[in-house]
Amino acid sequence: MKIDDVIRNAFAMPLTSPSYPPGPYRFVNREYMIITYRTDPEALRRVVPEPLQFDEPLVKYEFIRMPDSTGFGDYTESGQVIPVTYEGVHGGYVHSMYLNDDAPIAGGREIWGFPKKLADPSLHAVKDALVGTLDYGGQRVATATMGFKHRTLDTAKILESLKQPNFMLKIIPHVDCTPRICELVRYYLEDLTVKGAWEGPGALALFPHALAPVADLPVLEVKSAVHILSDLTLGLGEVVHDYLAK
């Protein structure tokens, strides 16, 4: 293979069989359960990177079921998103994500910088409850429950909340393990359709784990529990802050 061939064909690793195809990435019937809870503000200050800021010590614990996603297939995800502001605009900082499919782990980390790790999340209805669980290496680290479709929500308001920007840290090491890329990335969800949204009573339990430290942001009070069904496109990102720039 010639040098020009490498340059022309290089998209993702492995060179001759990338782990995922080029985007855009469309999600059909993407289902969320989001438990918003109050946490320790000092714990939050230790993990929210400048120049992001937060107003209230809140965390959104998410379980996301994705049965139909372009290039990534059928998988489930779970993790924490922290409500923040950037230059006065409200959005969400993606703090942690755990999922059960290699393609979106590789693509999410390499393209946007999603903080994704391999684990075993699940989201499903059990009789009159919606139940989300997260296991890491066979150990339970999160369990969430909410009443199934107790009250219908205004889908227009949910749509506006999903349109807010999202942020994450994209970190890629150099071959000598020093940071080669360290950037704050912003992205948006696009072509959104909210098919339904509901709320109900919710509960969330987090359990300590050295390699899946979701319990480092402890649950002090559950504020709300929301269930959403949607179609959307995962928009590509843009760099809003380069931590290594001179």
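Residues numbered from 1 in each chain as written. Predicted model: local features only at pLDDT ≥ 70, side-chain atom pairs only at ≥ 80, totals over all residues. Heavy atoms only, no water.

Chemist: Describe helix α3 (residues 102-112), with residues and values.
Modeler: Within α3 the residues assigned to the buried category are Ala-103, Pro-104, Ile-105, Ala-106, Gly-107, Gly-108 and Trp-112. Two residues or fewer after α3 comes Gly-113, characterised by a positive phi angle close to 100 degrees. (Buried < 20%, exposed > 50% of the residue type's maximum accessible area, 1.4 Å probe, protein only. Helix = DSSP H or I, 4+ residues; strand = E, 2+ residues; numbered from the N terminus.)

Chemist: Mind laying out the packing of aromatic side chains, listing which residues take part and the relevant values?
Modeler: This structure, assessed with the given rule, holds 8 aromatic pairs. Ring centres of Tyr-25 and Phe-72 lie 4.5 Å apart, and the angle between their planes is 10 degrees; on these two criteria the pair is classed as stacked. Here Phe-72 lies in the loop between β2 (58-69) and β3 (73-86) and Tyr-25 lies in strand β1 (residues 25-38), a separation of 47 residues in the sequence. Residue class for Tyr-25 comes out buried when judged on its relative accessible area of 1%. Among the residues examined, Phe-72 registers a relative accessible area of 5% and is labelled buried. Consider the rings of Tyr-61 and Phe-63, whose centres lie 5.2 Å apart with planes at 45 degrees: the pair is tilted. Exposure remark for Phe-63: the relative accessible area of 0% places this residue in the buried category. In this structure an aromatic cluster arises from ring pairing among Tyr-25, Phe-72, Trp-112, Phe-114 and Tyr-187. (Phe/Tyr/Trp six-rings, centres within 6.5 Å; stacked < 30°, edge-to-face > 60°.)

Chemist: Summarise the state of the cysteines; cite the residues concerned and give the values.
Modeler: Considering all chains together, one arrives at 0 disulfides under this definition. This cysteine, Cys-177, is not joined by any disulfide, and Cys-182 carries the nearest cysteine sulfur, 15 Å off. (Disulfide = S-S within 2.5 Å.)

Chemist: Requested: an account of the layout of surface pockets, with residues and values cited.
Modeler: Quantified by volume, the largest pocket comes out at close to 870 Å³. Lining the largest pocket are 44 residues, and of these Ile-34, Lys-60, Glu-62, Val-81 and Ser-161 sit closest to its centre. Breaking the lining of the largest pocket down by element, the ones donating at least two residues are β1, β2, β3, β4 (89-99), α3, α4 (155-162), β12 (189-199) and β14 (221-234). The greatest single-element share of the lining of the largest pocket, amounting to 7 residues, is contributed by β3. Of the residues belonging to the lining of the largest pocket, the class tally is 25 nonpolar, 11 polar and 8 charged. Within this model, the second largest pocket holds a volume of roughly 620 Å³. Looking at the second largest pocket, it is lined by 26 residues, and the ones nearest its centre are Arg-109, Gly-113, Phe-114, Pro-115 and Lys-116. Residue assignment for the lining of the second largest pocket shows that the elements contributing at least two residues are β4, α3, β5 (116-118) and β10 (166-173). Partitioned by chemical class, the residues of the lining of the second largest pocket number 16 nonpolar, 4 polar and 6 charged. (1 Å grid on protein atoms, 1.4 Å probe; cavity = no way out; pocket = protein on both sides within 12 Å on 5 of 7 lines; lining within 4 Å. Points joined across faces, edges and corners; volume = space filled by probe spheres on them. Nonpolar A, V, L, I, M, F, W, Y, C, P; charged D, E, K, R; others polar.)

Chemist: If you had to explain the environment of Ile-111 to someone new, which residues and values would you point to?
Modeler: Within the secondary structure layout, Ile-111 lies in helix α3. Judged by relative accessible area, which is 27%, Ile-111 ranks as partly exposed. On a C-alpha basis, the gap between Ile-111 and Ala-12 in space is 9.2 Å, while along the polypeptide they are 99 residues apart. Residue contacts for Ile-111: discarding those within four places in its chain leaves Tyr-20, Tyr-25, Lys-170 and Leu-236. (Contact = heavy atoms within 4.5 Å.)

Chemist: Lay out the sheet that holds strand β13 (residues 202-206) in plain terms, naming residues and giving numbers.
Modeler: Strands sit in the order β6-β7-β8-β13 across an open sheet of 4 strands; the sheet is antiparallel. A single partner strand is all that each edge strand has here, and the edge strands are β6 (120-126) and β13. Neighbour-to-neighbour, the strand axes of this sheet turn through a mean angle of 10 degrees, independent of strand direction. (Pairing = 2+ DSSP bridges. Axes fitted to C-alpha atoms, helices over the stretch in contact; angles between N-to-C directions.)

Chemist: Break down unusual backbone geometry for me, citing the residues and quoting the values.
Modeler: Going from Gly-23 to Pro-24, the amide bond is cis rather than trans, its omega being 10 degrees. Relative to the assigned elements, Pro-24 resides in the loop between α1 (3-9) and β1. Of note, the amide linkage connecting Glu-50 to Pro-51 takes the cis form, showing an omega dihedral of 10 degrees. As for its placement among the helices and strands, Pro-51 is situated in the loop between α2 (41-45) and β2. Of note, Asn-29 is a non-glycine position whose phi angle comes to about 55 degrees, a positive value. Position of Asn-29 among the secondary structure elements: in strand β1. Classification of Asn-29 by relative accessible area gives partly exposed; the value is 34%.

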